[in-house]
Every structure is written in structure tokens, then in C-alpha cells.
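Here is what each chain is made of, one letter per residue.
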Amino acid sequence: MVKVTIIGATGQVGSYAAHAISQIPHVKEVSLFGRDGNQLYLEGLSRDLRDSFAARGTNTRISWSCDEKDLRGSEIIILASGAPRKPDQNRLDLAVDNARIVAGYAEKIGRNASETLLFVVSNPVDVMTGVALRYSNLPPHRVFGLGTHLDSMRLKSCIAEFFNVHVSEVHTRIIGEHGDSMVPLWSATTIGGIQINNLPAFSHIPKDEMMERVKTSGSLIIRNKGSTVYGPGDAIATIIRTIVEDEHRILTVSAFIQKEVHDIGSVCIGVPARITRGGAFPVPIKLSDDELEAFRLSTEQIREITHLVFEQLESEEILSV
Ligand SMILES: NC(=O)C1=CN([C@@H]2O[C@H](COP(=O)(O)OP(=O)(O)OC[C@H]3O[C@@H](n4cnc5c(N)ncnc54)[C@H](O)[C@@H]3O)[C@@H](O)[C@H]2O)C=CC1
Ligand SMILES: O=C([O-])CC(=O)C(=O)O
């Protein structure tokens with residue numbers, strides 16, 4: 001039975017994720033963690049969720065805290081703190097400010113919960129996963145982020161709609177940055193187990209329009225309703241269930257790669273990884289020439305920004321949490 005802590009639980013994504021995760025059978029306790037000053041909100045949120053569990057007949061325990069010592073005993077910690085972007089912003093614009101928050105929490109996690117898995121949601125998620133890895137000092141397979149899992153699900157939904165098939169018949173994957181340089185792997189896309197290139201209708205599929213829709217989904221939702229909530233919340237819950245149930249599913253998360261994708265490495269980026277109770281283990285893959293070139297560009301951008309963020313943090317003495 002597992003204790004899952006959500007840091008940033010008072011936020012839109014953190015609070016819906018708490019609701020979604022409480023439905024996973026082996027999750028015994030969901031602990032809502034927030035910064036000092038948010039005690040009243042956390043108490044209110046925990047009461048509201050407790051009512052929801054009672055109404056649903058769920059036996060999950062709910063607790064809350066602002067004290068880093070209460071991070072102890074968490075098998076999984078979800079880090080969803082930080083500013084969301086405004087409609088006119090790119091996720092990368094958030095890098096330095098959110099890195100201060102993520103680095104501060106990562107240090108607390110390293111001090112108090114060195115056995116945990118740390119799952120990062122804060123944006124830009126690939127850079128923040130790199131920051132969390134560095135400042136928590138946890139081993140690489142135990143620090144990973146939401147990466148391009150949600151983008152992969154968005155593409156899956158577009159393909160299912162186009163072919164008028166159930167979403168479960170579509171397998172597809174987007175790798176690279178959770179952002180503009182993401183790379184769809186059409187070569188790894190199947191419908192009903194059939195490689196998509198072998199379906200005559202594939203030649204008519206509006207691939208560019210679909211990718212544009214995937215890339216702009218987040219900004220459209222933010223512009224129209226303020227924030228993305230249910231998509232990320234349920235994507236997080238899927239990954240947490242995969243860990244808790246030790247399902248060994250291959251999902252596309254932001255993980256630290258070394259040599260698993262050709263010769264590219266030393267960066268946290270969206271790649272297929274086997275998700276187990278022990279963490280995320282990137283699966284070695286070979287890409288087509290075009291995919292490889294695009295993935296290389298995507299990783300170079302994220303590596304460069306991650307290093308700039310490290311330099312900035314190192315030049316500052318005090319982290320913000
Ligand atoms: N990776 C992904 O696919 C997704 C990532 N996100 C990211 O998750 C993060 C949270 O998004 P929302 O919940 O919509 O935002 P929100 O504004 O509703 O919540 C922000 C949370 O961060 C905390 N926070 C803000 N500033 C802080 C500081 N200086 N120190 C400590 N805690 C602080 C707040 O207390 C709150 O709990 C954002 O960075 C957003 O971009 C959101 C959706 C999907
Ligand atoms: O778009 C955003 O800023 C939030 C996010 O990452 C997403 O929903 O994909």
C-alpha cells in the first residue's frame with residue numbers, strides 16, 4: 001500500500017491529480033503538500049476530497065502538510081508547483097522562475113525522502129526534470145517527468161477520430177521536448193496492430209494539421225478556460241497507476257538518457273521508458289534519419305536551456321522555498 005505526496009496540491013493540476021490518483025486501488029494515502037501560508041486552503045481541500053471519497057466509497061486516506069519532514073515515507077512524490085504559462089507565453093519562458101521552486105523542493109525531497117520516486121509536472125517539464133534530478137541527488141531512474149505522454153495521448157485522440165476507431169486501437173508516440181520541437185514517431189504508430197503506413201488511408205491523413213493541433217492544445221485551452229486540468233491530471237494518474245501496480249508499461253516520459261537513443265545523452269527529455277515500481281527505464285530505440293535529426297535538435301535545445309538554468313541557480317545563493 002502506497003503513500004503518494006503531491007507538492008503543489010493547491011494548484012489546478014495538483015488538486016485534480018489528487019482526486020484522480022485516489023481511485024488507484026493500492027494507493028493508501030494521498031498527502032497534499034503546500035507552502036507555508038496555504039494551511040487553510042489545504043485543510044479545506046482535504047475535507048472536500050474526503051467528502052468525495054466517502055461519496056464514491058473510496059477508502060483512501062487523505063492528509064496535508066507544509067512541513068518537509070512529512071515528505072518522509074512517500075513512495076512517490078509528484079512535483080506540480082510553479083507558475084503556469086499565460087496564453088501569450090511559451091513554456092520555456094517559465095524556466096528560471098520555476099527552476100528556483102523546483103530546485104528548492106528537490107533539495108527538501110533529497111533530505112527527507114531519499115527512497116522516493118520523484119515525478120515532475122512543473123513546466124517546462126524537461127528542464128524541470130533535469131533540475132529536480134540535480135538538486136534531489138536521487139538516482140536518474142527515480143526522477144522523471146510527464147514529458148510527452150500527454151502530447152502522445154493528444155495525437156492518439158486525433159488519429160482515432162480521423163480513422164473513426166476506438167482510441168485503444170491506436171498506438172502512437174511523440175518524443176523530445178514537451179513543447180514546439182516535439183517529434184512524432186509515425187514509424188511507431190499502429191492502428192489495430194497494423195503499421196499506419198500500411199493503411200491506404202494513411203496517405204490522406206493530415207499529419208501537419210494534427211501535429212499543429214497537438215502542439216497548440218495547451219495554449220488554446222489556457223486561452224479559453226485558464227488552465228489545462230483534466231488532461232494532465234488523468235495523464236499523471238495513468239503514470240502513477242503504472243508505477244503502483246508495477247505494470248512495466250512503456251510510456252513516453254521525460255527521463256535522463258545516456259545512450260539509449262543513438263549517441264544522444266546527458267539530458268532529460270521525452271523518450272519511451274519502461275515504468276515499474278522501481279522507476280523509469282528508457283528503452284533503447286533506433287529512429288529513422290528524419291526523426292533522429294529532429295530529436296537531436298530538440299535535445300540540443302533542452303540541454304542548452306537546462307545548462308543555462310543551472311548556471312543561473314548556481315549564481316544565486318538562496319533558493320525560493
Ligand atoms: N507537464 C505538463 O504536461 C503540464 C504541466 N503543467 C505545469 O504545472 C504547473 C502547475 O500548473 P497549475 O496547477 O495549472 O498552476 P496553479 O497556478 O493552479 O498552481 C500553482 C501551484 O504552484 C504553487 N506555487 C506557485 N508559486 C510558488 C512558489 N514560489 N513557491 C512554492 N510553490 C509555488 C502554488 O501554491 C500552487 O500550488 C505549471 O508549471 C504548469 O505549467 C500544467 C499542466 C500540464
Ligand atoms: O500548455 C501548458 O502550459 C500546460 C501543459 O503543459 C499542457 O497542457 O500541455
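Here, the structure is the one placed above.
Residues numbered from 1 in each chain as written. Chains lettered and ligands numbered in written order. Predicted model: local features only at pLDDT ≥ 70, side-chain atom pairs only at ≥ 80, totals over all residues. Heavy atoms only, no water.

1. Examining the site of ligand 2
Taken together, Arg-85, Arg-91, Asn-123, Leu-150, Arg-154, His-178, Gly-218, Ile-222 and Thr-228 form the complete shell of residues around ligand 2. In this structure, an oxygen atom belonging to ligand 2 sits 2.9 Å away from a side-chain N or O atom of Arg-91. Note that an oxygen atom of ligand 2 is positioned 2.8 Å from one of the side-chain N or O atoms of Thr-228. Contact with the protein chains hides 90% of the accessible area of ligand 2, taken as 260 Å² for the molecule alone. Secondary structure elements with two or more residues in the shell around ligand 2: helix 5 (149-163) and helix 6 (207-225). Tallied by class, residues from the shell around ligand 2 come to 2 nonpolar, 4 polar and 3 charged. Per-domain counts for the shell around ligand 2 show at least three residues from each of domain 1 (2-145) and domain 2 (149-303). (Near = heavy atom within 4 Å. Polar contact = N/O pair within 3.5 Å; in protein donor to acceptor, adjacent residues only side chain to side chain. Areas by Shrake-Rupley, 256 points an atom, 1.4 Å probe, with all protein chains shown as cover. Helix = DSSP H or I, 4+ residues; strand = E, 2+ residues; numbered from the N terminus. Nonpolar A, V, L, I, M, F, W, Y, C, P; charged D, E, K, R; others polar. Domains from an automatic or database assignment.)

2. Details of the sheet that holds strand 10 (residues 190-191)
Sheet architecture is open: 3 strands sit in the order 7-10-11, paired in antiparallel fashion. Both outer strands of the open sheet, strand 7 (170-171) and strand 11 (194-195), are each paired with one neighbouring strand and no more. Alignment of strand 7 against strand 10, held across 2 bridges, turns out to be antiparallel. Paired with His-171 across the strands is Thr-190, a residue of strand 10. (Pairing = 2+ DSSP bridges.)

3. Section: the pattern of salt bridges
Per the stated rule, a full pass over the model turns up 11 salt bridges. A salt bridge links Glu-43 to Arg-47; the nearest nitrogen and oxygen atoms lie 2.7 Å apart. Taken together, the positions of Glu-43 and Arg-47, both in helix 2 (residues 39-56) and 4 residues apart, correspond to about one turn of that helix. Classification of Glu-43 by relative accessible area gives partly exposed; the value is 26%. (Salt bridge = Lys/Arg side-chain N within 4 Å of Asp/Glu carboxyl O. Buried < 20%, exposed > 50% of the residue type's maximum accessible area, 1.4 Å probe, protein only.)

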